[in-house]
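# Breakdown of the fold
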Amino acid sequence: MIKALIGGKAYHEKRAIRVTVWNEYIAEKVNPEVAAVYPNGIHCAIAEGLAPYGFYIHTAVLEQPEHGLTPEVLNHTDVLIWWGHHAHTQVSDEVVERVYHKVLGGMGLIVLHSGHFSKLFGKLMGTTCQLKWREAKERERLWVVNPAHPITAGLGEYIELQEEEMYGEFFDIPAPDELIFIGWFQGGEVFRSGCTFYRRQGKIFYFQPGHETHPTYYHKQIIRVIANAVHWAASPHGASPVFGNTAALEQV
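My aim in this report is to walk through the structure given alongside it, one point at a time. Keep in mind that what you see is a predicted model, and the values were worked out from it rather than measured. (Residues numbered from 1 in each chain as written. Predicted model: local features only at pLDDT ≥ 70, side-chain atom pairs only at ≥ 80, totals over all residues. Heavy atoms only, no water.)

Mapped onto the elements of the fold, Tyr206 is located in strand 11 (residues 202-207). For Tyr206, a relative accessible area of 0% gives the class buried. Distance in space between the C-alpha atoms of Tyr206 and Gly194 is 5.6 Å, their sequence separation being 12 residues. At 2.8 Å, the side chain of Tyr206 and the backbone oxygen of His113 are in polar contact. (Helix = DSSP H or I, 4+ residues; strand = E, 2+ residues; numbered from the N terminus. Buried < 20%, exposed > 50% of the residue type's maximum accessible area, 1.4 Å probe, protein only. Polar contact = N/O pair within 3.5 Å; in protein donor to acceptor, adjacent residues only side chain to side chain.)

If you want it as structure tokens, here you go:
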């Protein structure tokens, strides 16, 4: 908690943003190639990368009871970071529904890489979220196409990755509310690699880089993007909307 003296009298209080990093944590345990890159799991690599930014960080994985996303955990989460790939169907519908309603209620959500196929992202998008892909360790250049957006703070014109899995258009998602990055791949494809969406009070950022056999989450600029996205997704929102039959404010 941070306290600041304002005008010699009042105090303004600001607590650290509470971040939960969720990961399947499957490939790291069964695939030696992945384990060599992320020996402690992708979730730990992301958490360690974000540590200098002053967030309060918690991690959760699929094998935990309720996948580590209990009501108590979600009630103490301002922004949820989601990485999934091999076990989308193993995530229970009950937990998906719980997280979905938390996002609508204002919890920020950052969906990474193949999390585009998660039940949660599909439910929030309402589309198939299909795309083209190719694993060939291609160079990727992530171009900033919205330099005024806070998610791009501290970056140059682009981010260069020496190897990544190719994701290509057409990406079957709704038109993003904001397009932040366009990725170009060595094989010639392009992709909407960084997109924001607003769902009721929740703010969602989809960020494409992060295949499990590449050291993407050790790249300082990639972590900077995720940290910027945490700040953006946790930023204040308005009052909860009221639905259903309601009394008139004025005499009818």
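Text resumes after the structure shown.
Looking now at a nonpolar patch on the surface. Side chains of Trp143, Val145 and Tyr158 sit close together on the surface and give an oily, nonpolar patch of about 260 Å² of accessible area. With respect to the helices and strands, the residue Tyr158 is situated in strand 8 (residues 158-168). The partly exposed category is assigned to Tyr158, whose relative accessible area is 36%. (Patch = residues over 30% accessible without salt bridge, like charges linked within 9 Å, V, L, I, M, F, W, Y side chains within 5 Å. Areas by Shrake-Rupley, 256 points an atom, 1.4 Å probe, with all protein chains shown as cover. Salt bridge = Lys/Arg side-chain N within 4 Å of Asp/Glu carboxyl O.)

The next subject is the packing of helix 3 (residues 42-50) against helix 7 (residues 220-233). For any two helices packed against each other, one specifies the crossing angle of their axes together with the interaxial distance. Running from N to C, helix 3 and helix 7 cross one another at 80°; their axes reach a closest spacing of 10 Å. As far as their axial angle goes, helix 7 and helix 3 are roughly perpendicular. Of the residues in helix 7, those touching helix 3 at Ile46, Gly49 and Leu50 are Ile223, Ile226 and Ala227. A class-by-class count of the residues in the contact of helix 3 with helix 7 yields five nonpolar, one polar and no charged. (Axes fitted to C-alpha atoms, helices over the stretch in contact; angles between N-to-C directions. Parallel < 35°, antiparallel > 145°, perpendicular 65-115°, else oblique. Contact = heavy atoms within 4.5 Å. Nonpolar A, V, L, I, M, F, W, Y, C, P; charged D, E, K, R; others polar.)

We now examine the state of the cysteines. All told, the structure shown has zero disulfides when counted by the stated rule. Cys129 takes part in no disulfide bond, and the closest cysteine sulfur to it belongs to Cys195, at a distance of 11 Å. (Disulfide = S-S within 2.5 Å.)

Turning next to the pairing of strand 6 (residues 108-112). If a strand is regular, its side chains alternate between the two faces of the sheet. Buried residues dominate strand 6, accounting for five of its five residues. Covered by surrounding structure in strand 6 are Gly108, Ile110 and Leu112 together with Leu109 and Val111, the residues of both alternating faces. Pairing between strand 5 (residues 79-83) and strand 6: five bridges, direction parallel. Across the sheet, residue Trp83 finds its bridge partner in strand 6, namely Leu112. In this region the chain leaves strand 5, passes through helix 5 (residues 93-104) and returns to the parallel neighbour strand 6; the handedness of that crossover is right-handed. Where strand 6 lies against strand 11, four bridges are found, and the strand directions are parallel. Opposite Leu112, over in strand 11, you have Phe207 as the bridge partner. (Pairing = 2+ DSSP bridges. Right-handed = clockwise from strand over helix to strand, strands pointing away.)

The analysis is restricted to geometry; functional conclusions fall outside its scope.
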